[in-house]
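Fold and geometry: a report
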Amino acid sequence: MTSLLTELVGTIREQVRRGLPAAGTAELVEDALRPFLTAPDLLGPQERVGDPDHYRQHVLHVEPDGSFSVVALVWLPGQQTPVHDHVSWCVTGVHEGVEHEQRYVLRGDRLVPAEQTTNHPGEVCGFAPPGDIHLVRNAGSGKAISIHVYGADIGVLGSSVRRCYELGATA
């Protein structure tokens with residue numbers, strides 16, 4: 001871990017230990033993450049490597065008690081997630097490039113598009129289940145890197161995704 005990433009983890013730890021409900025914790029972690037995002041030395045070279053087949057996850061830190069994890073996602077042009085929701089609160093911030101997020105809501109048994117956002121370096125968003133169904137994609141012509149903080153032990157779970165949804169199908 002870079003020294004800046006170590007500092008970020010300490011800042012997140014302070015906020016998570018406050019023990020607020022999920023949505024409140026996500027808001028605190030958004031504020032903690034934002035000042036670190038545009039620092040060029042936040043990640044080492046090995047944490048900036050993508051995969052030509054799909055976006056790549058680099059687990060940067062898992063808190064020993066499992067209360068949060070910090071992950072870097074590296075997206076090459078055209079890569080995206082499936083439509084999915086999460087097992088816990090989540091905060092994301094763009095470190096490099098441009099990411100587009102499409103959120104969805106369930107209406108009865110149908111998945112309906114809701115708000116859209118395009119995020120640039122330094123911009124953050126956070127959410128907590130329920131209401132966290134979305135798709136994220138690289139919206140630029142170059143590499144995109146985002147930092148994700150999850151209120152879960154990604155080292156054990158392997159992913160923050162609770163379930164994936166098919167567009168146009170019942171959920």
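You'll find the structure just up there.
Quick look at the structure, then.

**Observations regarding the packing of helix α1 (residues 3–16) against helix α2 (residues 22–33)**
Look at α1 against α2: their axes get within 9 Å of each other, and the N-to-C directions meet at 155 degrees. By the angle between their axes, α1 is roughly antiparallel relative to α2. Along this stretch, α1 crosses α2, giving a crossing that reads as right-handed. Only Thr 25, Leu 28, Val 29, Ala 32 and Leu 33 of α2 make contact with α1, whose side of the interface consists of Leu 8, Thr 11, Ile 12, Gln 15 and Val 16. Of the residues contributing to the contact of α1 with α2, the split by class is seven nonpolar, three polar and no charged.

**Things to note about the layout of surface pockets**
Of the pockets and cavities examined, the largest pocket occupies roughly 170 Å³. Lining the largest pocket are 16 residues; nearest its centre among them are Tyr 55, Leu 73, Tyr 150, Ser 160 and Val 161. Listed by contribution, the elements that provide at least two residues to the lining of the largest pocket are β2 (69–75), β3 (83–86), β4 (90–96), β8 (133–138) and β9 (144–150). Residues of the lining of the largest pocket, tallied by class, amount to seven nonpolar, nine polar and no charged.

**As for the side chain of Glu 47**
Along the chain, Glu 47 falls in the loop between α2 and β1 (56–62). Here Glu 47 sits buried without a salt bridge, and the closest side chain of opposite charge, Arg 48, lies 8.2 Å off (N-O distance). Within the local environment of Glu 47, its side chain forms a polar contact with the backbone nitrogen of Gly 44, the two atoms lying 2.6 Å apart. Glu 47 has contacts with His 58, Leu 60, Ala 72 and Val 74, leaving out every residue within four places of it along the chain.

**Considerations on the packing of aromatic side chains**
Counted by the stated rule, this structure contains one aromatic pair. A centroid spacing of 4.6 Å and a plane angle of 25 degrees characterise the contact between Tyr 55 and Trp 75, whose relative ring orientation is stacked. Of the two residues, Tyr 55 sits in the loop between α2 and β1 while Trp 75 sits in strand β2, which places them 20 residues apart along the sequence. A relative accessible area of 23% places Tyr 55 in the partly exposed class.

What counts, and at which threshold
Residues numbered from 1 in each chain as written. Predicted model: local features only at pLDDT ≥ 70, side-chain atom pairs only at ≥ 80, totals over all residues. Heavy atoms only, no water. Axes fitted to C-alpha atoms, helices over the stretch in contact; angles between N-to-C directions. Helix = DSSP H or I, 4+ residues; strand = E, 2+ residues; numbered from the N terminus. Parallel < 35°, antiparallel > 145°, perpendicular 65-115°, else oblique. Left-handed = near helix turned anticlockwise from the far one by under 90°. Contact = heavy atoms within 4.5 Å. Nonpolar A, V, L, I, M, F, W, Y, C, P; charged D, E, K, R; others polar. 1 Å grid on protein atoms, 1.4 Å probe; cavity = no way out; pocket = protein on both sides within 12 Å on 5 of 7 lines; lining within 4 Å. Points joined across faces, edges and corners; volume = space filled by probe spheres on them. Buried < 20%, exposed > 50% of the residue type's maximum accessible area, 1.4 Å probe, protein only. Lys, Arg positive; Asp, Glu negative; His and termini not counted. Salt bridge = Lys/Arg side-chain N within 4 Å of Asp/Glu carboxyl O. Polar contact = N/O pair within 3.5 Å; in protein donor to acceptor, adjacent residues only side chain to side chain. Phe/Tyr/Trp six-rings, centres within 6.5 Å; stacked < 30°, edge-to-face > 60°.

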